[in-house]
Amino acid sequence: MNTSLKENIKNAVLKARETTPLAPSVTNTVTVNFVANAQLACGGSAAMVYLPDEGECVANIGGAVYLNMGTLLPIYEETIPRTCKTLHALKKNWVLDPVALGIGSLRTKLVADMKNYPPTIIRGNASEIIAVAKLWGLALSTSTGPVGVDSVDSVASAEQAAVTLARFINGAVAVSGEKDLVTDGKILVYSEGGSHFMEKITGAGCSLGGVCAVYAAVTDPFTAALTATQIYNLAGRRAQEISKAPASFQMNFLDNLYLATAEDVANNPFTVKEAN
């Protein structure tokens with residue numbers, strides 16, 4: 001199984017760099033620059049939009065789309081549903097990052113409605129993944145929910161919620177934490193690496209969602225989420241080795257996303273187990 005996963009990862013990395021797929025985003029204003037730069041470093045093409053008609057437009061022309069619920073604007077009450085419905089109708093891959101789910105009524109309503117037009121990839125921290133599963137009525141939860149954009153739950157505690165969500169959307173769920181989890185509802189892959197500096201820069205998680213969309217434009221959702229997680233953990237570990245502080249880490253991280261070979265990404269350490 002590990003061999004086939006590695007081959008799929010290598011193919012995704014190479015295809016993205018060969019084809020420069022467009023992976024548009026409706027993303028938060030805090031991290032828009034970092035999301036775009038990470039997508040470019042991995043071989044993709046970025047486009048950031050906010051207006052409803054532009055969301056529908058990029059849903060049509062993009063290979064896959066990234067919707068981030070971070071800094072919501074009033075116009076998003078129209079932009080997000082229209083974009084989701086268009087993507088669903090077109091059967092396009094798209095990535096949801098349910099940032100800080102549970103804070104505010106608009107954020108909750110938008111994500112609740114997505115159950116009818118579900119993404120093919122959900123990426124978030126453990127508390128956010130548990131919150132989505134609970135909101136959609138797919139799992140019970142004892143979690144107190146995210147504190148701002150931070151998680152109060154461990155990746156292990158979100159394992160069942162992630163599996164349940166992946167099965168419901170017939171796609172993939174990626175849970176970020178000390179050891180990242182990616183699942184398609186059938187298997188669980190724990191990817192190793194990363195850096196403690198990722199908690200000291202803005203946009204590490206958000207940009208990962210954008211890179212998931214880059215790979216989702218060239219491969220299936222599970223391979224896309226796993227490839228993005230693998231290249232992030234590889235680049236994070238390598239950047240930390242040559243960085244003294246967060247600013248240099250951010251620069252070195254982008255460089256290492258760009259420099260990582262397909263072979264190196266596939267061979268970043270991971271473990272696999274069957275889902276219950």
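Right above here is the structure, for reference.
Only a predicted model underlies this, so the values are computations on that prediction, with no experimental measurement involved.

In terms of helices and strands, the protein carries 11 helices and eight strands. For 276 residues, the compact-globule estimate of 2.2 N^0.38 gives 19 Å, and the C-alpha radius of gyration of the protein, at 17 Å, lies within 12% of that figure. Along the first, second and third principal axes, the C-alpha atoms of the protein reach 40 × 40 × 35 Å. The burial tally for the protein puts 54% of its 276 residues in the buried class. Long-range pairs, those at least 24 residues apart, make up 74% of the contacts in the protein with a sequence separation of at least 6. Carbon and sulfur atoms provide 53% of the accessible area of the protein, an area that totals close to 11200 Å².

On to the packing of helix α8 (residues 204-216) against helix α9 (residues 221-241), then. Contact pair α8 / α9: the axes reach a minimum separation of 8 Å and the direction vectors enclose 135 degrees. The orientation of α8 with respect to α9, classified from their angle, is oblique. Judged by the sense of rotation from one axis to the other, the crossing of α8 with α9 is right-handed. The residues of α9 that touch α8, namely those facing A204, S207, L208, V211, C212, Y215 and A216, are A224, A225, T227, A228, T229, I231 and Y232.

Moving on, we get to helix α7 (residues 159-169). Because the α-helix completes a turn every 3.6 residues, residues three or four places apart line up on one side. Within α7 the residues assigned to the buried category are E159, A161, A162, V163, L165, A166 and I169. Those residues of α7 that are buried lie in contact with β4 (121-125), α6 (126-135), β5 (172-176), β6 (180-183), β7 (187-191) and β8 (270-274). Phi turns positive, to about 55 degrees, at N170, one or two residues after α7.

Let us look at the sheet that holds strand β1 (residues 25-26). Note: strands within a sheet are paired through backbone hydrogen bonds, in either parallel or antiparallel orientation. One open sheet accounts for eight strands, arranged β1-β2-β3-β4-β5-β6-β7-β8; its pairing is mixed. If you trace the sheet from one side to the other, it starts and ends with β1 and β8, each paired once. Where helix α4 (residues 76-90) meets the sheet, it contacts β1, β2 (64-68) and β3 (93-97), and its direction lies at approximately 150 degrees from that of β2. Strands in contact with α9 are β3, β4, β5, β6, β7 and β8; relative to β6, the strand with the most contacts, it is inclined by about 165 degrees.

Here is what the cut-offs are and how they apply
Residues numbered from 1 in each chain as written. Predicted model: local features only at pLDDT ≥ 70, side-chain atom pairs only at ≥ 80, totals over all residues. Heavy atoms only, no water. Helix = DSSP H or I, 4+ residues; strand = E, 2+ residues; numbered from the N terminus. Rg over C-alpha atoms; globule rule 2.2 N^0.38 Å. Buried < 20%, exposed > 50% of the residue type's maximum accessible area, 1.4 Å probe, protein only. Contact = heavy atoms within 4.5 Å. Areas by Shrake-Rupley, 256 points an atom, 1.4 Å probe, with all protein chains shown as cover. Axes fitted to C-alpha atoms, helices over the stretch in contact; angles between N-to-C directions. Parallel < 35°, antiparallel > 145°, perpendicular 65-115°, else oblique. Left-handed = near helix turned anticlockwise from the far one by under 90°. Pairing = 2+ DSSP bridges.

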